[in-house]
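# Examining the three-dimensional arrangement
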Amino acid sequence: SLPVGAGSWAALILLGVFQLGVSYVLFTKGIRHVRALEASLISMIEPVLNPVWAWIVHGEVPSSFALAGGALILAATVAHSVAASGGMPRRGPGA
């Protein structure tokens, strides 16, 4: 059994409240201001980018298989979201 000190509990609580709690509150408030396609892409891309954030912040280099898998998931997510929304929105006069 590993002893868990007060500092460990404090770090766990801070991560739970701020990293998860505040981010979900902000996401919920912000999602009201974007289109469904953008909301879908944002919510689906976040887990795929986790290895990239670990690489940038901690220097943990993802394997080539992890990068290829992430690219495949990202491409499939974009294709599915665009197809489900009826195609890419057009930006022009009256859009």
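Small disclaimer: the values here were computed from a predicted structure and weren't measured.

### Some words on the overall build of the protein
Secondary structure summary: the protein contains 4 helices and 0 strands in total. Secondary structure elements of the protein occur, N-terminal to C-terminal, as α-α-α-α. Relative to its 95 residues, the protein shows a buried fraction of 9%.

### Things to note about the environment of Ala83
Its place among the elements puts Ala83 in helix 4 (residues 64-84). Taking relative accessible area as the criterion, Ala83 reaches 58% and is therefore assigned exposed. Each C-alpha atom of the pair Ala83 and Leu37 lies 9.8 Å from the other, and the pair is 46 residues apart in sequence.

### Let's talk about the packing of helix 2 (residues 36-48) against helix 4
Orientation of helix 2 relative to helix 4, taken along the N-to-C sense of each, is 170°, at an axis distance of 10 Å. In this view, helix 2 runs roughly antiparallel relative to helix 4, as classed from their interaxial angle. The chirality of how helix 2 crosses helix 4 is right-handed. In contact with Leu37, Ser40, Leu41, Met44, Ile45 and Val48 of helix 2, helix 4 contributes Gly70, Ile73, Leu74, Thr77, Val78, Ser81 and Val82. When the residues that make up the contact of helix 2 with helix 4 are grouped by side-chain class, the tally is 9 nonpolar, 4 polar and no charged.

### Here's the deal with helix 4
Over its 21 residues, helix 4 runs 30 Å from end to end, which matches the ideal 30 Å to within 8%, given 1.5 Å per residue. Of the residues making up helix 4, those classed as buried are Gly70, Thr77, Ser81 and Val82. In a view along the axis of helix 4, the buried residues occupy a sector of 120°, so they form one face of it. For helix 4, exposure combined with an orientation more than 90 degrees from the buried face picks out Ser64, Phe65, Leu72, His80 and Ala83. On its buried face, helix 4 is in contact with helix 2.

### A few points about the confidence of the model for the protein
Per-chain confidence: the protein averages 82 in pLDDT, with 88% of residues scoring 70 or above. Taken element by element, the predicted model of the protein shows its lowest mean pLDDT in helix 2 (80) and its highest in helix 1 (residues 6-30) (87).

### What to know about a nonpolar patch on the surface
A surface patch of nonpolar side chains, about 900 Å² in accessible area, is lined by Val4, Trp9, Leu12, Ile13, Leu14, Val17, Phe18, Val22 and Leu26. Structurally, Phe18 can be placed in helix 1.

The rules we used
- Here the residue numbering is sequential within each chain, running from 1 through the sequence in written order.
- Two thresholds apply to this predicted model, a pLDDT of at least 70 for residue-level local features and 80 or more for giving and counting side-chain atom pairs, whereas whole-chain, interface and lining totals are computed over all residues.
- To obtain the side-chain values, all non-hydrogen atoms of the structure were included, while hydrogens and water were left out.
- In this text, helices come from DSSP runs of H or I with a minimum length of four residues, and strands from runs of E with a minimum of two, each type numbered from the N-terminal end.
- Think of it in three bands: with a 1.4 Å probe and only protein chains considered, a residue is buried below 20% of the maximum accessible area for its type, exposed above 50%, and partly exposed in between.
- Helix axes are fitted to C-alpha atoms over the stretch in contact, other axes to C-alpha atoms as well, and angles between N-to-C directions run from 0 to 180 degrees.
- Any angle between 65 and 115 degrees counts as roughly perpendicular, while under 35 counts as roughly parallel, over 145 as roughly antiparallel, and the rest as oblique.
- Crossings are sorted by hand: turned counterclockwise from the far helix by less than a right angle, the near helix makes the crossing left-handed, and turned clockwise it makes it right-handed.
- Working rule for contacts: check all heavy atoms of both residues, and any pair within 4.5 Å makes them a contact.
- Residue polarity is assigned by list, with Asp, Glu, Lys and Arg as charged and Ala, Val, Leu, Ile, Met, Phe, Trp, Tyr, Cys and Pro as nonpolar; anything else, Gly included, falls into the polar class.
- Expected helix span is computed as 1.5 Å times (number of residues minus one).
- Here, the arc refers to the directions that run from the helix axis to the C-beta atoms.
- Per residue, pLDDT captures the predictor's confidence, and it can take any value from 0 to 100.
- Put simply, a patch holds well-exposed residues, over 30% relative accessible area, that have no salt bridge, with like charges counted together within 9 Å and Val, Leu, Ile, Met, Phe, Trp or Tyr side chains within 5 Å.
- Accessible areas in this description were obtained via Shrake-Rupley with a 1.4 Å probe; residue shielding takes into account the shown protein chains only.
- Any carboxyl oxygen of Asp or Glu that lies within 4 Å of a side-chain nitrogen of Lys or Arg is treated as forming a salt bridge with it.

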